[in-house]
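Examining the three-dimensional arrangement
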Amino acid sequence: ATRTTPQLFITPEMLDWWRDNGVEKCIFGLRVPAVAQQQLAVLTDKEMPIECYFPVYLTGDVLAQVRSAYAMADGFPVGKMWLDFETTPGWNAIANMRLSLEESVSHGLPVGIYTGCWWWVGQLGNPTDFSEFDIWNANYHPRSDRLWFDDNPYGGWAKAVRVISPSRSRARVAVLFQFQS
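**Topic: the overall build of the protein**
Tallying secondary structure elements over the protein gives six helices and eight strands in all. Written out in order from the N terminus, the α and β elements of the protein read β-α-β-α-β-α-β-α-β-α-β-α-β-β. Within the protein, the fraction of its 181 residues that count as buried is 47%. For the protein, contacts bridging at least 24 residues in sequence account for 75% of all contacts bridging at least 6. As presented, the protein carries roughly 8700 Å² of accessible surface, and 53% of it is formed by carbon and sulfur atoms.

What follows is the structure in structure tokens.
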């Protein structure tokens, strides 16, 4: 199970508490450089496995967005980058998604896609162009997200490798969102 936490700054004590309560990995949102540097430093100091995600605004300069996210994570032991595709798609969404994924791959880390069926099918028409990338299915369904995905696959993916679930069970992955003010 995964639990989401809107938190701007974390402390070593918070990470100790998470570990004591079964958290094995942190997926961190890259938005605000100062917050990213602080959180990634604490996670690194505490040897917590790290993955990162960032939203890609498909109507903007996707290359600048990808490069900015990777710059925030530069020098930290990030195991994977997740690109969040859930924003207004625009007329060239598929081309911009391809461009942002290619740029991400060029940085040498494993890359995955964070999205939801509601957006992928509803906004894009269910393209299968990107099924070689892992999917983190953003579906806040009362059932286990993996069970939901098994019954409702989309985008050419056979299974979701990362899930967000509103489950009350103990979280093994902490997801830290950043909100810009």
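**A few points about the packing of aromatic side chains**
Counted according to the given criterion, the structure contains nine aromatic pairs. Here the aromatic rings of Tyr-53 and Tyr-114 are separated by 6.3 Å at their centres, their planes lie at 40°, and the arrangement is tilted. Of this pair, Tyr-53 sits in strand 3 (residues 50-55) while Tyr-114 sits in strand 5 (residues 111-115), and the two are 61 residues apart along the sequence. The burial state of Tyr-53 is the same as that of Tyr-114; both residues are buried. Ring geometry for Phe-54 versus Tyr-70: centroids 6.3 Å apart, planes at 80°, classification edge-to-face. With Phe-54 in strand 3 and Tyr-70 in helix 3 (residues 62-73), this residue pair connects regions lying 16 residues apart in the sequence. With a relative accessible area of 8%, Tyr-70 lands in the buried category. Among the aromatic residues, those joined into a ring-pair cluster are Trp-119, Trp-120, Phe-130, Tyr-154 and Trp-157.

**Quick word on helix 3**
With twelve residues, helix 3 extends 17 Å between its outermost C-alpha atoms, agreeing within 8% with the 16 Å of an ideal straight helix rising 1.5 Å per residue. Along helix 3, the positions that sit buried rather than exposed are Val-62, Gln-65, Val-66, Ala-69, Tyr-70, Met-72 and Ala-73. Taken end-on, helix 3 shows its buried residues confined to a sector of 155°, consistent with a single buried face. Those residues of helix 3 that are buried are in contact with helix 2 (33-45), strand 3, strand 4 (78-84), helix 4 (93-105) and strand 5. The backbone nitrogen of Leu-63 has a side-chain oxygen 3.3 Å away, supplied by the residue at the start of helix 3, namely Asp-61.

**Thoughts on the pattern of salt bridges**
Scanning the entire structure with this criterion turns up five salt bridges. Across the salt bridge formed by Lys-46 and Asp-16, the nearest N and O atoms sit 2.8 Å from each other. Of this pair, Lys-46 sits in the loop between helix 2 and strand 3 while Asp-16 sits in helix 1 (residues 12-20), and the two are 30 residues apart along the sequence. Residue classification places Asp-16 among the partly exposed residues on the basis of a relative accessible area of 35%. The salt bridge partner of Lys-80 is Asp-134, with a shortest N-O separation of 2.3 Å. Of this pair, Lys-80 sits in strand 4 while Asp-134 sits in strand 6 (residues 134-137), and the two are 54 residues apart along the sequence. A residue is classified by how much of its surface remains accessible, and Lys-80, at 11% relative accessible area, is buried. Its relative accessible area of 30% is what places Asp-134 among the partly exposed residues.

**Focus: the pairing of strand 4**
Extensive coverage of strand 4 is indicated by the burial of six of its seven residues. Summarising the sheet, strand 3 and strand 4 pair through five bridges and their orientation is parallel. Residue pairing across strands places Pro-55 opposite Asp-84, the latter belonging to strand 4. Crossover strand 3 to strand 4 through helix 3 is right-handed. Direction of pairing for strand 4 relative to strand 5: parallel, over a ladder of four bridges. Paired with Met-81 across the bridge in strand 5 is Val-111. Handedness of the crossover joining strand 4 and strand 5 through helix 4 is recorded here as right-handed.

The rules behind each value
- Residues numbered from 1 in each chain as written.
- Predicted model: local features only at pLDDT ≥ 70, side-chain atom pairs only at ≥ 80, totals over all residues.
- Heavy atoms only, no water.
- Helix = DSSP H or I, 4+ residues; strand = E, 2+ residues; numbered from the N terminus.
- Buried < 20%, exposed > 50% of the residue type's maximum accessible area, 1.4 Å probe, protein only.
- Contact = heavy atoms within 4.5 Å.
- Areas by Shrake-Rupley, 256 points an atom, 1.4 Å probe, with all protein chains shown as cover.
- Phe/Tyr/Trp six-rings, centres within 6.5 Å; stacked < 30°, edge-to-face > 60°.
- Expected span 1.5 Å × (residues − 1).
- Arc of directions from axis to C-beta.
- Polar contact = N/O pair within 3.5 Å; in protein donor to acceptor, adjacent residues only side chain to side chain.
- Salt bridge = Lys/Arg side-chain N within 4 Å of Asp/Glu carboxyl O.
- Pairing = 2+ DSSP bridges.
- Right-handed = clockwise from strand over helix to strand, strands pointing away.

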